[in-house]
Structures are given as structure tokens and as C-alpha cells.
Amino acid sequence: MSSGVDAQTESFPGANPHPVLRVDRDGHLVYANEASAPVLEALGVAVGDPLGDDWWHRLRTSDRPVELRVGPRTFDLLPVHLPERGYTNVYGTDVTAARLVDRFPDLNPNPVMRVTDDGVIRYANAASEHLRAVLGAQVGDRLPDEVWAQLAPSLEGGEHPSVEVSDGRSTFAVTPVTLPEIGLINVYGRDVTAEKAIVKFPDQNPNPVFRITWDGELVYVNAAAMDLIDGVGGALHQRLPAAVLDPLLATARAQSRDRTRVESHERAYDLLAVDVPEFGFINVYGTDVTAVRELELAHRENTRLLLNILPEPIADRLRRGEPLIADRHEDVSLLFADIVDFTRLSSGMDPSELVAILNEVFSVFDQLVDASGLEKVKTIGDAYMIVGGMPVWQPDHLERMASLALRLASEVRADLEARRLGVDFRIGIHTGPVVAGVIGTHKFIYDVWGDTVNVASRMESTGVPGRIQVTAAVESRLRDRFVLEPRGMIDIKGKGPMATYFLERALA
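Source: prediction; values computed, not measured.

Cut-offs and rules
- Residues numbered from 1 in each chain as written.
- Predicted model: local features only at pLDDT ≥ 70, side-chain atom pairs only at ≥ 80, totals over all residues.
- Heavy atoms only, no water.
- Helix = DSSP H or I, 4+ residues; strand = E, 2+ residues; numbered from the N terminus.
- Buried < 20%, exposed > 50% of the residue type's maximum accessible area, 1.4 Å probe, protein only.
- Contact = heavy atoms within 4.5 Å.
- Areas by Shrake-Rupley, 256 points an atom, 1.4 Å probe, with all protein chains shown as cover.
- Patch = residues over 30% accessible without salt bridge, like charges linked within 9 Å, V, L, I, M, F, W, Y side chains within 5 Å.
- Salt bridge = Lys/Arg side-chain N within 4 Å of Asp/Glu carboxyl O.
- Arc of directions from axis to C-beta.
- Phe/Tyr/Trp six-rings, centres within 6.5 Å; stacked < 30°, edge-to-face > 60°.
- Pairing = 2+ DSSP bridges.
- Axes fitted to C-alpha atoms, helices over the stretch in contact; angles between N-to-C directions.
- Polar contact = N/O pair within 3.5 Å; in protein donor to acceptor, adjacent residues only side chain to side chain.
- pLDDT = per-residue confidence, 0-100.

Caption draft 1: Layout of the overall build of the chain. Across its full length, the chain carries 17 helices and 23 strands. Out of the 508 residues belonging to the chain, those deemed buried represent 44%. Considering only contacts in the chain between residues 6 or more positions apart, those separated by 24 or more positions represent 47%. Here the chain displays about 27,300 Å² of accessible surface, and carbon together with sulfur accounts for 53% of that area.

In C-alpha cells form, the structure reads like this:
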């Protein structure tokens, strides 16, 4: 080919940035420019090779582009037949982007519609079915005038504001994006029904609800939470105080159902923090537990008062509804302590002074009894009664009782006010079996009965001021650990002569 036209035709494909191939009438590839390398690789041919019956047939018999997939890319191959020259030119165009634009809406799980510049729907993916029902428009219909009137102005400025459309039950945010390359407008929809519901719900909740970000900023407070927030020092669009915020963030992060207790304006609230990851914030639900707190305080106070008059195991049995409590204990120790000449002392003292001195001395007794693990049974006037080995068994109860008696006597001797007023005690101890239980249904008391009780009481009443008198049964069990001085035979009412001893001190 020697003419200028022929030379131009031969040289032009080499300068083309798009693939250009030339195939002779027998289907052999006689030319391919540099841009056609990916096409040749996909076809599996080189210049000089036959194109292959299938591809040659498709190109020879078509006057429209033939699609060729090359990995992630797509080419349209347009055959241009030049029979007068004995070959066919094949022009390739990379249509990957165009195919992606065409295919994208079908793959999108959210609603996508394609409309003309006058608002007519030309295409809608399957996910847009609900949105189209809300709009009341299908493919081929024009968007409702009120919707199009809000979308159209934004298209001219290149902005993409969302427009909300609703049928009263479902709400979508609709965003238009112009595609000038294809002369259409993509309309993207997002179902915001749940988002709208979660925003509205707290306003209707009669209980406190507020919302914080993960940075701790308070971004929403319903009316019922206003007083709560004010009382903890919080304010809208500010960070909550750390004392409130930190435990809320911790429980939300751990997805725990634990509550955070806060005090606000003399009321108590339990706060439950719930992470709402779909919206990037934490909802905090408050429950006013002031009444519950007061009930808890009353319960604790009732329990404290009950334990002042009953041993804890007995109080537990009463709370469980046990109708009658009466137990036999085969081996217990009993101590009685009584102020010497109390009648004479009380006649010369002011009543308030008398109560004050009794309270002071018996309060010391109470502390020592608690520390010993023994049980105070009761006080009757100036008398104080202690039991060991019940209601919970203690194998060393008698040793504990002896040590306690020595400490009681020591404390009374060391009390300056008691010494000034001439207060002194007689103390008696005995050991043996008893029956114990609760008497009455109103103003009930825990008490013990039996001969052991009577004997322990006689040890106190026949004792010597400032000393601790015990029976032979006590002496026989303590002689290896304590020093006991024989007193001799003492006539005990109802028992006759009994050998008694004075408890002096513990062995070193």
C-alpha cells in the first residue's frame, strides 16, 4: 500500500490508546497495537495466529460490540469489516467503569433508583421496593411532586442533602447524586425508621433516659432525667462528671447489666448503660430507687435491732418463719454479773446518772462479749447474762468464758467513774445442759432455762464482790489453763452444800 491514505491507515492504530486488532478474511490476526496486549492475552493469540473459530465467527457475523472479560476488566470489541481491503478492524473499548455503574445498583443492599432530569424513574433495584411503596411510585412513574421539588434544587448546586419521605410507618432518607456521564440521577435511600424510633422513644419514657457519646459528652436528656442530671452536676453538651461517667462507660464497654447507683437531690437512682453501636452512642436508663433504698435502710435497721436482742442464727430462723424455737444444748457455759448493793447505790444517785453509769459499764461489757465470740442473752436491771457454746457450738466455750470474766472484772476495776461511785460486780460461772428458745410473739426475747442457769445465778448471788465464783464442774475443766482458788463448801438454795472456787487468772 503506497498511497498516502493507505500509509495513514496502516500507521494510525499504533498511536491509538485503545486496543486495535486486524484480522484477515481467513481469521488470522495480522496486526495488533500495543494497547491490545490484555485482549491478546485473554484471547490466547499472538500476531500471525488464527483467532479461533468461536471468536472469529462472533466477530465476523456481528455488527455490534462483542463483550470480552479480561480479569476484573471488561472490553467491548467492535468489528468494522473492510471487505475491499480483505480484512476486519476490531476496535476495543475498556467499559469496566460503565459496567460497574450499570451493575452497582443491583448489588447494593440499600435502595437505589435511577431517574431522569425531570424526575421519571427509569430503574430501581430490588432493595428499593419498600421505598417505592412509601413514595407511591414505580419504574416509569414520576417521583411525587413534593419529593422532586425538594431534590431538584440541590442537583443544580452539586450538593447532596437528604430528603425524608414517610408513609407514617416507615421513613427513608433519600439522597440524589447526578451522573452526567449517563445523563441520569442516582437516588439512594436509607431506611431510618429505627433511628427515628430510637430518637423519639426516650421522650415518651416516663423514667429518666439520657444519652452519652463514648467521649462522655451528654448529647440528649429526656424530661424525666432533667432533675437527675442537674443533681449529679451534668449539663447538656458537656462531659459528665467522672464519678458518674467512668462506671457507665465501663459497664457499657463490658456489655454488663450491672447498675450504677447515684444520688441526686436526695433521691437515689440505678443507672443501666446500654451501648447502641448502630448509632455510636450509649443510652442510659435510670430507675428511681429512693423507695427501695429507704426500704433497704429500714430492713438493715430492723436487722440491727433484731440482732441486738437475738443471736443471728436464731434471728435467721425467725425470718424464715419457724413458728417455735426451742433447742436443748448439752454443754454450755453461763455467766451472771451483778452490781453489788445496787439498791443502795441507786437510792443515792440521780436517775440520769444511774442510767449513764449502767450504760457506760454495760457498753464495755457488750464490746468484750462481741470480741469473745460469746452471746449476750439479756440484761435485767443491774444483772448481765452471757452464754457460751450456743446457739453455735464452740468446743472452747468455757475457756472463752473464763477469759471474758477476767477481762470484765479488770475493766470494772479500771473504770474511774465506776470506782468513784463505788460500783463493783459479783460474777458467777457454771457449765452444763440447758434448754434455749424464743418466748412470745410480741416483744419476744431469747432465753435459756434449766438447772444450769439456776446454779450459775447462785454462783453470782453467793459470790464475793470483785471476784469470780465458779462451780467444781468449771474448776475441773479449767484447772490446767487457769489458776483457781478453793473457797470451800457453800450452801446453795435448792442444791445444798456445793464446793466452789474463785477464778484468779490464766496460767502463764
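Caption draft 2: Inspection of a nonpolar patch on the surface at higher detail. Together, L78, V80 and Y91 line one region of the surface with nonpolar side chains, adding up to about 200 Å² of accessible area. Locating V80 in the fold gives a position in strand 4 (residues 73-82).

Caption draft 3: Main features of helix 3 (residues 53-60). For helix 3, the set of buried residues is W55, W56 and L59. Relative to the axis of helix 3, the buried residues are bounded by an arc of 100° and lie together on one face. Those residues of helix 3 that are buried are in contact with strand 1 (20-24), helix 2 (37-43), strand 3 (66-70), strand 4 and strand 5 (87-94).

Caption draft 4: Examining the packing of aromatic side chains more closely. Taken as a whole and judged by the stated rule, the model has five aromatic pairs. Aromatic side chains F362 and F425 sit 6.4 Å apart centroid to centroid with 55° between the ring planes, which places their arrangement in the tilted category. Placement of F362 in helix 13 (residues 351-372) and of F425 in strand 19 (residues 425-439) is noted, with a sequence separation of 63 residues between them. In terms of burial, F362 and F425 fall into one category: buried. The interplanar angle of 85° and the centroid separation of 5.1 Å between the aromatic rings of F365 and Y384 together place this pair among those described as edge-to-face. With a gap of 19 residues between them, F365 in helix 13 and Y384 in strand 18 (residues 383-388) connect regions that are remote in the sequence. What makes Y384 buried here is its relative accessible area of 1%.

Caption draft 5: Representation of the pattern of salt bridges. For the structure on display, the rule yields 15 salt bridges. Among the ionic pairs, R328 bridges to E330, the shortest N-O distance being 2.7 Å. Note on R328: relative accessible area 53%, which makes it exposed. Take E330: its relative accessible area is 52%, and that puts it in the exposed class.

Caption draft 6: Representation of the side chain of T213 in the model. Structurally, T213 can be placed in the loop between strand 11 (209-212) and strand 12 (218-221). If near-sequence neighbours (up to four positions away) are discounted, T213 is found in contact with V219 and L249.

Caption draft 7: The arrangement of the environment of G494 in detail. Along the chain, the position of G494 falls in the loop between strand 22 (482-492) and strand 23 (496-506). For the pair G494 and N454, spaced 40 residues apart in sequence, the C-alpha separation works out to 9.1 Å.

Caption draft 8: View of the sheet that holds strand 7 (residues 121-124). Pairing is antiparallel in the open sheet, where five strands are placed in the order 7-6-10-9-8. For this open sheet the edge positions go to strand 7 and strand 8 (163-166), each flanked by a neighbour on one side alone. When strand polarity is set aside, the average angle formed by the axes of neighbouring strands in this sheet is 30°. Taken together, the four bridges between strand 6 (residues 112-115) and strand 10 (residues 184-191) define a ladder with antiparallel strand orientation. Residue V115 lies in a different strand from strand 10, and its bridge partner there is I185.

Caption draft 9: A look at the side chain of R426. Mapped onto the elements, R426 comes out in strand 19. Of the polar contacts made by the side chain of R426, one reaches the backbone oxygen of E460; its length is 3.2 Å. Aside from chain neighbours lying at most four places away, what touches R426 is F336, A337, D338, V340, E460, S461, G463, V464, P465 and R467.

Caption draft 10: Structural view of the pairing of strand 7. Here strand 6 pairs with strand 7 via three bridges, running antiparallel. Across the sheet, R114 pairs through a bridge with Y123, a residue of strand 7. With antiparallel pairing between neighbouring strands as the criterion, strand 6 and strand 7 make up a hairpin whose turn holds five residues, including G119 at a positive phi of roughly 90°.

Caption draft 11: The confidence of the model for the chain, seen in detail. Looking at the chain, the pLDDT average stands at 83 and 84% of residues meet or exceed 70. Note that pLDDT drops below 50 for residues 1-11; the model gives that stretch ten contacts with residues more than four away or on any other chain.

Caption draft 12: Layout of unusual backbone geometry. Put simply, M390 and P391 share a cis peptide bond, and its omega is -5°. Here P391 is to be found in the loop between strand 18 and helix 14 (397-414). In this structure, E266 is a non-glycine residue whose phi angle is positive, near 65°. Secondary-structure assignment places E266 in the loop between strand 13 (260-264) and strand 14 (267-276).

Caption draft 13: Just the sheet that holds strand 2 (residues 29-32), in detail. Read across the open sheet, the five strands follow the order 2-1-5-4-3; overall the sheet is antiparallel. One side of each edge strand has no neighbouring strand; the edge strands of this open sheet are strand 2 and strand 3. Averaged over all pairs of adjacent strands, the angle between their axes in this sheet comes to 25°, without regard to strand direction. Pairing of strand 1 with strand 2 involves three bridges; the strand directions are antiparallel. Counted as the bridge partner of R22 is Y31 from strand 2. Contacts between helix 3 and the sheet are confined to strand 1, strand 3, strand 4 and strand 5, with strand 3 contributing the most and set at about 140° to the helix.

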